[in-house]
Amino acid sequence: MTGKRLRVFALLAISLVFLLAWAFPVLWSVLNSLKTDRDALAYPPKLIFTPTWEAYHDVLFGSASILPNLVSSMVISVGTTVVTMLMAIPAAYALARLRFRGKKFAGFYVLATQMLPPVGIIIPYFLVLRNIGWIDTYQGIILIYLSFSLPFAIWLLVSYFEDIPFEMEEAAYLDGASRLRTLWRIIIPQVRGGIAVTVVFVFLNAWNEFLFAVVLSGNTVRPVTVAMFNFVSVEQTLWAKLAAVSVLAMLPVVVLGVVAQKHIVKGLTVGAVKGGGRR
Amino acid sequence: MSGRGQVQFRDIVKMHGDFAALKDVSFEIKPGEFFALLGPSGSGKSTTLRILAGLDAPTSGRVFIDGKDVTSTDARDRDIAMVFQSYALYPHMTVAENISFPLEMANMPKAEISAAVKDAARKVRIDHLLDRKPGQLSGGQQQRCALARAIVRKARLFLLDEPLSNLDAKLRLETRAELKKLQRSLDVTAVYVTHDQEEAMTLADRMAVFMAGEIQQVGTPAEVFARPNSIEIAGFIGNPPMNLVPARYSNGDVIIAGHRFKTIMQASGERDVVAGIRPGALRVAPSGLSARVELVEDLGDTAVLDLDCAGTLIRVRVSDENVPREGDTISITARAQDIHLFDPTTGKRL
Ligand SMILES: Nc1ncnc2c1ncn2[C@@H]1O[C@H](COP(=O)(O)OP(=O)(O)O)[C@@H](O)[C@H]1O
Ligand SMILES: [Mg+2]
């Protein structure tokens, strides 16, 4: 009994340490975003100050507004997510159902794409996009993001599809449903949790991506992760504005996290309970 | 008898690589029949049912339903309803949605659907559970939900793959009786897969007995019970199973453990045989084959005796009040028509 309580206590303590480590930069950004640039530069850092929306006003409506960049990020992220899911759902379904010789290898390929150092492939990607004239275009960025998000999404979804017994599909066929209707009415509703988890991961990866964006985008397409650096220059760094942009860039992430929290936790635990759904 | 639901299997072979799950299976099911596919596990019953449903394709041979060759017809175009062993209920839908799914797929008008769903649910007594999800039902209720989903659409064939095997013993007996009444009242052709000979005996109008991918016998339960075609079937059907002992045939008699029994065979000559006598066909008598009672299993109204007859184990079912005691020496006899003789090498009935 006491042993169990001790363990719970230890777990809570460890969680708290992690929480603080992660929360600190976020809180720091929030605080700084409410300061004037002068206050933000003060040393030692000021904890007591008069909060102001000035930084937010400037980055949203000032001369260097990041609104277009937020839109840019949104287009890229939503576009990547939609295209990824449209292709990943049927692919994962097929992979879960088919038996073919390269199945193991396909799993390895997916992991390999996640392990490759991005800098290693950025130049080939750049050359490919330049040759087809897609540098600094939405379709270019989305295409590059797809090359990572698609294998990842398929890999994540396959385990959810594999959990659905094939007999259930056969029952649907005998009930008179076509393959497509079976997929839509019987299969998809049962993998909703997995789809939600995948959407969140894919969206966040696209939203947070920086390295490829900085190389492959430009003036027309310029996501907020890249635009942020307008506020860092050789002469000075506009800390309050940079912090305000950071907070704005974090907002969708937080919102998505809160909205999808139930699904994410459920999706992850379902996999865990069923004995490592993440084969 | 309804006029629909006639089935014919013609020379069906199903290979899995080099392994023949079905070797040349042929049989016919008449409209309105309750037909059982009986056999030990792995004998090819489910494979047969799946080929009939159109879920698997035979390697060779043809399947006819109502006289039409459906061998290459899609499962969903065969107008067949099926209850799976796992029930295969749709977990994200309520009971009502599960039952209405086949009707929706058939584009039935909404108003008619809800009436049909209620009707089907009432027939299997789950009409009070329509708003539940399958996960909130007991095993027996899930089974009924699967039944309702199958009967709601008036399909021409009704397939059941071991539908009772996931229920506990008491529920299985109750559901078995209801299933029979249901099939009678619906007047549909039912094909029922089971490895439980008692289920097949009580439910089926006729049955096909499967052994290792082949049908060894087709007939009514009474026929198969009375005249099993082979040693395998003789040992598979009946509880406790038939006594099968090596014996010697001699000019119309059979010699079992040194005792001479009359048979209905008249052939002259001598040969080795396997003699089969059902435990219930043996009688305790003043004279006959002498045996020592090794064990008495009292089942209440009857008792099963394990007898040692000069080293051969023979089981006898007795219903007398004066059941012998363990250690007693008794004599047993059997009527000539109750003695089955089989060829020891081919296993076939003589
Ligand atoms: N997909 C398959 N691949 C290989 N062997 C199979 C396959 N499906 C069934 N079998 C084999 O075919 C035989 C008959 O199976 P089945 O019809 O399911 O038997 P049962 O009479 O128990 O229902 C079994 O030995 C089984 O192992
Ligand atoms: Mg089976």
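Residues numbered from 1 in each chain as written. Chains lettered and ligands numbered in written order. Predicted model: local features only at pLDDT ≥ 70, side-chain atom pairs only at ≥ 80, totals over all residues. Heavy atoms only, no water.

1. Here's the deal with the overall build of chain A
Next, step 1: Along the backbone of chain A there are 13 helices and zero strands.
Next, step 2: Secondary structure of chain A in N-to-C order comes out as α-α-α-α-α-α-α-α-α-α-α-α-α.
Next, step 3: If one aligns the C-alpha atoms of chain A with their principal axes, the spans along those axes are about 70 × 65 × 35 Å.
Next, step 4: Evaluated residue by residue, chain A yields a buried proportion of 41% over its 279 residues.
Next, step 5: Considering only intrachain contacts with a sequence separation of at least 6, the fraction spanning at least 24 residues in chain A is 72%.
Next, step 6: Carbon and sulfur atoms provide 72% of the accessible area of chain A, an area that totals close to 16400 Å². (Helix = DSSP H or I, 4+ residues; strand = E, 2+ residues; numbered from the N terminus. Buried < 20%, exposed > 50% of the residue type's maximum accessible area, 1.4 Å probe, protein only. Contact = heavy atoms within 4.5 Å. Areas by Shrake-Rupley, 256 points an atom, 1.4 Å probe, with all protein chains shown as cover.)

2. Some thoughts on the confidence of the model for chain A
Next, step 1: On average, chain A scores 86 in pLDDT, and the residues at 70 or more come to 95%.
Next, step 2: Here residues 271–279 of chain A is a poorly scored stretch, pLDDT under 50, and it has 14 contacts once near neighbours within four places are set aside; other chains count. (pLDDT = per-residue confidence, 0-100.)

3. Some thoughts on the packing of aromatic side chains
For any two aromatic rings, the description comes down to two numbers: the centre-to-centre distance and the angle of the planes.
All names here are of chain A.
Next, step 1: Scanning all chains against the criterion turns up 15 aromatic pairs over all chains.
Next, step 2: Between Phe 18 and Trp 22, the ring centres sit 5.6 Å apart and the planes meet at 35°, which makes this aromatic pair tilted. Of the two residues, Phe 18 and Trp 22 both sit in helix 1 (residues 2–33), four residues apart, roughly one turn of that helix.
Next, step 3: Judged by its relative accessible area of 47%, Phe 18 falls in the partly exposed class.
Next, step 4: Residue class for Trp 22 comes out exposed when judged on its relative accessible area of 63%. (Phe/Tyr/Trp six-rings, centres within 6.5 Å; stacked < 30°, edge-to-face > 60°.)

4. Section: the site of ligand 1
Residue and element names in this part refer to chain B.
Next, step 1: Around ligand 1, a shell composed of His 16, Phe 19, Ala 21, Pro 40, Ser 41, Gly 42, Ser 43, Gly 44, Lys 45, Ser 46 and Thr 47 is seen.
Next, step 2: Lys 45 is positioned such that a nitrogen or oxygen atom in its backbone is 2.9 Å from an oxygen atom of ligand 1.
Next, step 3: Compared with its free state, where it exposes 560 Å², ligand 1 has 57% of that area covered by protein.
Next, step 4: Every element with two or more residues in the shell around ligand 1 is listed here: strand 2 (19–29) and helix 1 (45–53).
Next, step 5: Sorting elements by how many residues they give to the shell around ligand 1 places helix 1 first, with three residues.
Next, step 6: Considered class by class, the residues forming the shell around ligand 1 number three nonpolar, seven polar and one charged. (Near = heavy atom within 4 Å. Polar contact = N/O pair within 3.5 Å; in protein donor to acceptor, adjacent residues only side chain to side chain. Nonpolar A, V, L, I, M, F, W, Y, C, P; charged D, E, K, R; others polar.)

5. Quick word on the pairing of strand 10 (residues 214–219) of chain B
Residue and element names in this part refer to chain B.
Next, step 1: Pairing between strand 9 (residues 206–211) and strand 10: five bridges, direction antiparallel. Pairing of Met 207 across the sheet is with Gly 219, part of strand 10.
Next, step 2: Count of turn residues in the strand 9/strand 10 antiparallel hairpin: two residues, of which Ala 212 carries a positive phi of about 45°. (Pairing = 2+ DSSP bridges.)

6. Comments concerning the packing of helix 8 (residues 166–174) of chain A against helix 9 (residues 179–187) of chain A
All names here are of chain A.
Next, step 1: At their nearest, the axes of helix 8 and helix 9 sit 10 Å apart, and the two run at 125° to each other. In terms of orientation, helix 8 lies oblique with respect to helix 9. Along this stretch, helix 8 crosses helix 9, giving a crossing that reads as right-handed. Seen from helix 8, the contacting residues are Met 168, Glu 169, Ala 172 and Tyr 173; seen from helix 9, they are Arg 179, Thr 182, Ile 186 and Ile 187.
Next, step 2: When grouped by side-chain class, the residues that make up the contact of helix 8 with helix 9 number five nonpolar, one polar and two charged. (Axes fitted to C-alpha atoms, helices over the stretch in contact; angles between N-to-C directions. Parallel < 35°, antiparallel > 145°, perpendicular 65-115°, else oblique. Left-handed = near helix turned anticlockwise from the far one by under 90°.)

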